[in-house]
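Read off the chains here:
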Amino acid sequence: MKPSPLTYHRPRSIDEACEILARVAHEGKVLAGGQSLIPLLSMRLAAPAHLVDIGSIPRLDSVSASSELGVTFDALTTHTALEADLSAARVQPLLGRALRLVAHPTIRNRGTTVGSIVHADPSAEMPAVLALLSGTLTVRSVRGVREIRADELFAGPLESTSNPTRSPRV
Ligand SMILES: Cc1cc2nc3c(=O)[nH]c(=O)nc-3n(C[C@H](O)[C@H](O)[C@H](O)COP(=O)(O)OP(=O)(O)OC[C@H]3O[C@@H](n4cnc5c(N)ncnc54)[C@H](O)[C@@H]3O)c2cc1C
């Protein structure tokens, strides 16, 4: 099957992505690694009028880790990159142990950990890890930046409180 007709956007900066998402409001969806969203579009279980592909935004794939601040990573950090990060493994060994259970290497090479968290699949590993570690999601929109704690993030199966007009970072 093919997705419903939609307008494809390819912003080059976070500001541009936020502006598009604000303009198209509830008719827009962020596309990150596409490992969950593309099948949903193809089966027409989701039919956004606007797809905002953040994959070309530079410098949105970093990982940083310290024993004081814990592990933080960006919206385009893939499962593979996070699993391979030695400082993240040292600061939070559970991350690597859980990431190795996510799908298989091909999926992990494309799928982002933030995408997995926002997707809020109750059977997925990374939302459970975020909840277990009391992590937070930092979301940005044209209105500014806000932090969402894990216990406020998951509203139900496949439903998170991160507004689609915002672009998260964990
Ligand atoms: C065959 C297969 C097997 C899998 N097995 C597992 C498994 O065993 N365990 C597991 O945990 N996962 C599994 N997954 C899911 C995988 O981990 C995906 O990578 C992940 O769910 C979504 O990441 P993504 O970057 O591909 O997000 P996408 O598919 O691009 O997006 C998913 C959702 O999150 C939203 N989103 C993504 N990024 C952002 C952002 N920055 N801002 C706002 N919204 C955002 C999108 O709008 C969409 O609603 C599997 C997937 C496949 C195809």
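About the thresholds
Residue positions are given per chain, counting from 1 as you read along its sequence in written order. Local features in this predicted model are restricted to residues whose pLDDT is 70 or higher, and side-chain atom pairs enter the listing and the counts only when it is 80 or higher, whereas totals over whole chains, interfaces and linings include all residues. Each side-chain value is worked out from all heavy atoms of the structure, with water and hydrogens disregarded. Pairing between strands is defined by DSSP: at least two bridges between the two strands are required. Each helix is a run of DSSP H or I of at least 4 residues and each strand a run of E of at least 2, with the numbering of both proceeding from the N terminus. By convention, orient the strands away from the viewer: a clockwise path from the first strand over the helix to the second makes the crossover right-handed. Relative accessibility thresholds used throughout: buried, under 20% of the residue-type maximum; exposed, over 50%; partly exposed, between the two (1.4 Å probe, protein chains only). Throughout, a contact is declared for two residues whenever any of their heavy atoms are within 4.5 Å. The arc refers to the directions leading from the helix axis to the C-beta atoms.

**As for the pairing of strand 2 (residues 28–31)**
Move 1: Taken together, the four bridges between strand 2 and strand 3 (residues 50–53) define a ladder with parallel strand orientation. Residue Lys29 lies in a different strand from strand 3, and its bridge partner there is Leu51.
Move 2: Note that the unit made of strand 2, helix 2 (residues 37–42) and strand 3 has a crossover that is right-handed.

**Regarding the environment of Pro122**
Move 1: Within the secondary structure, Pro122 is located in the loop between helix 7 (113–119) and helix 8 (125–132).
Move 2: On the basis of relative accessibility, which here comes to 64%, the residue Pro122 falls in the exposed class.
Move 3: Residues Pro122 and Phe154, spaced 32 residues apart in sequence, show a C-alpha to C-alpha distance of 9.2 Å.
Move 4: Dropping the residues within four chain positions of it, Pro122 is found in contact with Pro157 and Leu158.

**A word on unusual backbone geometry**
Move 1: The phi dihedral of Ala25 falls on the positive side, at around 50°, and the residue is not glycine.
Move 2: Mapped onto the fold, Ala25 is located in the loop between helix 1 (14–24) and strand 2.
Move 3: The exposure class assigned to Ala25 is partly exposed, which follows from its relative accessible area of 27%.
Move 4: Of note in this structure, Ala120 is not a glycine but carries a positive phi near 55°.
Move 5: By secondary structure assignment, the location of Ala120 is in the loop between helix 7 and helix 8.

**So, helix 1**
Move 1: Where helix 1 is concerned, the buried positions are Ala17, Cys18, Ile20, Leu21 and Val24. Angularly, the buried residues of helix 1 cover 165° about the axis, an arc narrow enough to put them on a single face. Those residues of helix 1 that are exposed and angled more than 90 degrees off the buried face are Glu19 and Arg23.
Move 2: Buried-residue contacts for helix 1 involve strand 1 (7–9), strand 2, strand 3 and strand 6 (136–141).
Move 3: Among the residues trailing helix 1, Ala25 stands out with phi positive, at a value near 50°.

**A short note on the side chain of Ser162**
Move 1: Topologically, Ser162 is positioned in the loop between strand 9 (159–160) and strand 10 (167–169).
Move 2: Here Ser162 is in contact with Val118, Leu137, Val139, Arg146, Ile148 and Leu153, once residues within four sequence places are set aside.

Coordinates in, geometry out; function isn't part of it.
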